[in-house]
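Structure at a glance
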Amino acid sequence: MKNKYQKAGLNYELITQKFLDLNEYEEIVNTYLSDPFFKEIEKFLDDEDYALAKDATKGLYLLAQDLQLFPLYFALLEIYEDLESELYKEAMKHYRDMLETYGRIKGVFNV
């Protein structure tokens, strides 16, 4: 199981310190990774609805932090910081980078 988490770029030790039941943890992560906002952020950015993109991104990065999904947390935080700084072209680039990280983690958890 440790290799599975490492393959996703996750820190197994940090996760097991916070979450004692890994089956429950994985169920929570699978639910989180199924959140439609991961895909909807792109639509918000395309529609130039930056307030909704920012809100969705913030919610997702806070949950990623709580779940110890730090590669995803940092990728989402990049988008949020771009939106805060009104760097909208950079936000789309970072969104694509985030999708790559998201896909890697999602593939390990088999959502």
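Before going into details, it helps to say that this report is about the structure given with it. (Residues numbered from 1 in each chain as written. Predicted model: local features only at pLDDT ≥ 70, side-chain atom pairs only at ≥ 80, totals over all residues. Heavy atoms only, no water.)

Another point: the overall build of the protein chain. Along the backbone of the protein chain there are 7 helices and 0 strands. Beginning at the N terminus, the succession of helices and strands in the protein chain can be written as α-α-α-α-α-α-α. Compactness check: the protein chain gives a C-alpha radius of gyration of 14 Å against a globular reference of 13 Å for 111 residues, within 12% of the reference. Taken along its principal axes, the extent of the C-alpha atoms in the protein chain is 40 × 20 × 20 Å. When contacts within the protein chain are restricted to residue pairs at least 6 apart in sequence, those whose partners lie at least 24 apart make up 62%. With the model as given, the accessible surface of the protein chain reaches about 6300 Å², and the carbon-plus-sulfur share is 49%. Averaging the positions of the 13 positive and the 22 negative side-chain charges in the protein chain gives two centres separated by 5 Å. (Helix = DSSP H or I, 4+ residues; strand = E, 2+ residues; numbered from the N terminus. Rg over C-alpha atoms; globule rule 2.2 N^0.38 Å. Contact = heavy atoms within 4.5 Å. Areas by Shrake-Rupley, 256 points an atom, 1.4 Å probe, with all protein chains shown as cover. Lys, Arg positive; Asp, Glu negative; His and termini not counted. Charge placed at Lys NZ, Arg CZ, Asp CG, Glu CD.)

Running from N to C, helix 3 (residues 22-33) and helix 7 (residues 88-109) point in directions that differ by 135 degrees, and their axes come no closer than 10 Å. The orientation of helix 3 with respect to helix 7, classified from their angle, is oblique. In this structure, helix 3 crosses over helix 7, and the sense of that crossing is left-handed. Mapping the contact onto sequence places Y25, E26, V29, N30 and L33 in helix 3 and Y102, I105, K106 and F109 in helix 7. (Axes fitted to C-alpha atoms, helices over the stretch in contact; angles between N-to-C directions. Parallel < 35°, antiparallel > 145°, perpendicular 65-115°, else oblique. Left-handed = near helix turned anticlockwise from the far one by under 90°.)

Our next topic: the pattern of salt bridges. Enumeration according to the criterion identifies 5 salt bridges in this entry. As a salt-bridge pair, D97 and K93 come within 3.2 Å of each other at their nearest N and O atoms. A residue pair is termed a helical-turn pair when its members lie 3 or 4 positions apart in one helix, as D97 and K93 do in helix 7 at 4 residues. (Salt bridge = Lys/Arg side-chain N within 4 Å of Asp/Glu carboxyl O.)

Another aspect to go through is helix 4 (residues 37-46). Side chains of residues three or four places apart in an α-helix project in the same direction, reflecting 3.6 residues per turn. Among all positions in helix 4, only F38, I41, F44 and L45 are buried. The buried side chains of helix 4 occupy one side of the element, clustering within an arc of 100 degrees when seen end-on. (Buried < 20%, exposed > 50% of the residue type's maximum accessible area, 1.4 Å probe, protein only. Arc of directions from axis to C-beta.)

In this section: the nonpolar core. Generally speaking, soluble globular proteins have nonpolar side chains that are buried together. By size, the foremost hydrophobic cluster in this structure holds 37 residues, and its most contacted members are Y25, Y32, L69, L72, L76, M98 and F109. Those elements that place two or more of their residues in this core are helix 3, helix 4, helix 5 (50-66), helix 6 (70-84) and helix 7. When neighbours within four sequence positions are excluded, L72 is seen to be in contact with Y32, L33, F38, A64, M98, T101, Y102 and I105. (Core = buried A, V, L, I, M, F, W, Y, C linked by side-chain atoms within 4.5 Å.)

One way to put it is that helix 4 packs onto helix 7 with a least axis distance of 11 Å and a crossing angle of 165 degrees. Relative to helix 7, helix 4 is oriented roughly antiparallel. Judged by the twist between their axes, the crossing of helix 4 over helix 7 is left-handed. Two secondary-structure elements touch here, helix 4 through F38, K39, I41, E42, L45 and D46 and helix 7 through A91, M92, Y95, M98, L99 and Y102. Looking at the contact of helix 4 with helix 7 residue by residue, the classes come out as 9 nonpolar, no polar and 3 charged. (Nonpolar A, V, L, I, M, F, W, Y, C, P; charged D, E, K, R; others polar.)

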